[in-house]
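Given next are the chains, with one letter for each unit.
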Amino acid sequence: MKQPRPSLIQFIGKRCTESDEDYGNLNKEKMEDSREPGARVYTFIDDNDERRDEIYYDKWWQKFCLRFHQPDSTPSWKPKWWTRFFPFPLFSTYRQSALKICFILFFLLTWGILYAELGEAIGLHGELLGMSLLVIAAYLIGWIWLKVTTLPALIGMLLTGILFQNFGLVTMTDEYRKLNQDLRKLALVIILTRAGLGLDAKVLKKHYAAVLQLGLLPWLVECIAIAVTTHYLLHLPWIWAFLLGSMIASVSPAVVVPCLFRLRDIGYGESKGIPTMVVAAAAIDDSVSVAVFAIILNAMFSSGSVTWNIIKGPLSIIAGVALGSLWGALISFIPESGDTHVVPLRFLLLFLGGLFSLFISSMIEWSGAGPLAIVSSGFVAAYYWKKQGWIVNKNPVSDLFRILWIFFEPILFAFTGAQVTISTLDPVVIKMGAVCLVSCLLIRAVATFLVSFGCGLNYKEKLFISLTWMAKATVQAALGPAALDLVHRSQTTGESNKREVYAETLLAVSVLSVMLSAPLGALLIAVTGPKLLTRDNGDNKVQSEVESMKPVAHNSSQL
């Protein structure tokens, strides 16, 4: 027996040019005459009357408010006086407002508990409070930046860190700088684990040539191009130039993946599996970038012989992949798949295993092994979990890492921005750094177009991938300050001064790469996607979704 449907508020969000088949033919002509182009429609439906009431939001300020406030997706309660004093969409709904108040109360209660235990360190003038407010401000400004500009929220978070640092709103002594470093390492573990969990063995087997070509060759070309240009234009030593190149050459899934999935959801590129193929290539690109960066950085600051450091590089790669694969296989069978607490146990084993790999490999100076072990463990675990019925990158453990990234994304980008002091930056470094980045992005685009031959793509699809396979963000934010952190620990004063200049140049160029390439990548994906990719004929999405699509790059928590 069919159960009666409960009352709900359904957001239609249709334009007047669309068909009214979803509504039925009731009063169709009257509706078409009364709607203005671009008006958003909210339909209130109950059991007895499927079209009891409709509200049209067609004024400019209402449309602007709808960028920030969305209706509740399920029935909700509110006080009788709420609508009179806080009308929607000028204000958010009661449910959403109550949720925000809960978060504020959580923060105040947590602050009060910590203040009672830690004292002035978390007081009004304490560094911990300043760092906490920086993260909260970064999250809020990033959210506003996303809603207003439809560009990635991480840009707003990065700018927040820069502003806080240069207006003196946050200070970090050596004691708390170490906390900053550890939090960035936690963020790196989350990035790499999600990269491993997003790798589908079936996709790799089907498109292994295309994935390897896109994941390795453009990265290698851009790495060499960055190294050569920065050596001659920024006067970096070759080892520092290749260190910078290995970091800058990485593509950010936080920008590329949400934009591609938005295209995929409306049918573009899905028939040839372009979004899935690019996601797999991005995971390999990130893994190689982090591993090579760690190997070079370890060789630069290691006290061992040059010969041993050279031999240790390939050995660390083999050791990282082998140990990570063993750990991933182990946690696919322990705990047992039918255990009541299988989700939190698998999450903790994978996350803590990643932290152990990163910190231990750094301690024993085998830094290249840690990142590869993290990616390998996530990939192998996801492979076996799929056999047990969990979908790759859409299982409960992946969802927990998405939630964790919501908290660590503003931490990563805000703290990276807070490392930049504008008054100490050399204008020549910024100018020449921008020249290096733009020229190398063009070189990478050409290289991507050329290496995509043999991937089963037509010319338009190759052009699309070459134009969008360039956005930087997560890896650059996580690794940009790493060299500067090690320089601050250096004991040799004379050598440390030179290295500090080089490390500050690396940090400045890494931040600049995010500022230039992240919005450019998001815009190119949104603008060129519908023009260069073919759309599946069987797709039942309305065409207005494509016409109204903007360069949206959601928080990477939604990946």
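A few points on the structure. Since the model is a prediction, treat every value here as computed from it, not as a measurement.

1. Some points on the pattern of salt bridges
As enumerated under the stated definition, the model contains 5 salt bridges in all. With a shortest N-O distance of 2.1 Å, Arg184 and Asp485 are connected by a salt bridge. On the criterion of sequence distance, the pair formed by Arg184 in helix α7 (residues 174–197) and Asp485 in helix α20 (residues 482–489) is long-range, its members being 301 residues apart. Residue classification places Arg184 among the buried positions, given a relative accessible area of 3%. Of the charged contacts, one joins Glu222 and Arg444 as a salt bridge, the two residues approaching to 2.6 Å between their closest N and O atoms. A residue pair is termed long-range when its members are at least 10 positions apart, and Glu222 in helix α9 (residues 208–233) and Arg444 in helix α17 (residues 427–451) qualify at 222 residues. Of the two residues examined, Glu222 and Arg444, each falls in the buried class. A cluster of three or more residues bridged by salt bridges with shared partners is formed by Glu222, Asp285, Arg444 and Lys472.

2. Things to note about the packing of α9 against helix α12 (residues 274–301)
Between α9 and α12, the shortest axis-to-axis distance is 8 Å and the interhelical angle comes to 40°. On the basis of the axis angle, α9 is oblique to α12. The way α9 lies across α12 gives a crossing that is right-handed. Contacts from Ala210, Val211, Leu212, Leu214, Gly215, Leu216 and Trp219 of α9 reach α12 at Met277, Ala280, Ala281, Ile284, Asp285, Val288, Ser289 and Val292. Of the residues contributing to the contact of α9 with α12, the split by class is 12 nonpolar, 2 polar and 1 charged.

3. Topic: the nonpolar core
Counting 124 residues, the largest nonpolar core has Leu154, Trp240, Leu243, Phe351, Phe408 and Phe413 as its most contacted members. If you tally residues by element for this core, the top one is α12, at 13 residues.

4. Description of the packing of helix α5 (residues 127–149) against helix α6 (residues 153–166)
At a closest axis distance of 7 Å, the pairing of α5 and α6 adopts a crossing angle of 140°. In terms of their interaxial angle, α5 and α6 are classed as oblique. α6 is crossed by α5, and the crossing has right-handed handedness. Residues Leu133, Leu134, Ala137, Ala138, Tyr139, Ile141, Gly142, Trp143, Trp145 and Leu146 of α5 form the contact with α6, whose participating residues are Ala153, Ile155, Gly156, Met157, Leu159, Thr160, Gly161 and Phe164. Here the contact of α5 with α6 is composed, by residue class, of 14 nonpolar, 4 polar and no charged.

5. Concerning the environment of Trp405
Locating Trp405 in the fold gives a position in helix α16 (residues 396–417). Residues Trp405 and Leu186 lie 219 residues apart in sequence; the distance between their C-alpha atoms is 10.0 Å.

6. Let's talk about a nonpolar patch on the surface
A contiguous nonpolar patch, built from Tyr208, Leu212, Leu216, Leu217, Leu220, Ile224, Val228, Tyr232, Leu233, Trp238, Phe242 and Val435 and spanning about 1000 Å² of accessible area, is present on the exposed surface. At the level of secondary structure, the elements contributing two or more residues to the nonpolar patch comprise α9 and α10 (238–248). Here the nonpolar patch takes 9 residues from α9, the largest share from any one element. Tracing the chain through its elements places Trp238 in helix α10.

What counts, and at which threshold
- Residues numbered from 1 in each chain as written.
- Predicted model: local features only at pLDDT ≥ 70, side-chain atom pairs only at ≥ 80, totals over all residues.
- Heavy atoms only, no water.
- Salt bridge = Lys/Arg side-chain N within 4 Å of Asp/Glu carboxyl O.
- Helix = DSSP H or I, 4+ residues; strand = E, 2+ residues; numbered from the N terminus.
- Buried < 20%, exposed > 50% of the residue type's maximum accessible area, 1.4 Å probe, protein only.
- Axes fitted to C-alpha atoms, helices over the stretch in contact; angles between N-to-C directions.
- Parallel < 35°, antiparallel > 145°, perpendicular 65-115°, else oblique.
- Left-handed = near helix turned anticlockwise from the far one by under 90°.
- Contact = heavy atoms within 4.5 Å.
- Nonpolar A, V, L, I, M, F, W, Y, C, P; charged D, E, K, R; others polar.
- Core = buried A, V, L, I, M, F, W, Y, C linked by side-chain atoms within 4.5 Å.
- Patch = residues over 30% accessible without salt bridge, like charges linked within 9 Å, V, L, I, M, F, W, Y side chains within 5 Å.
- Areas by Shrake-Rupley, 256 points an atom, 1.4 Å probe, with all protein chains shown as cover.

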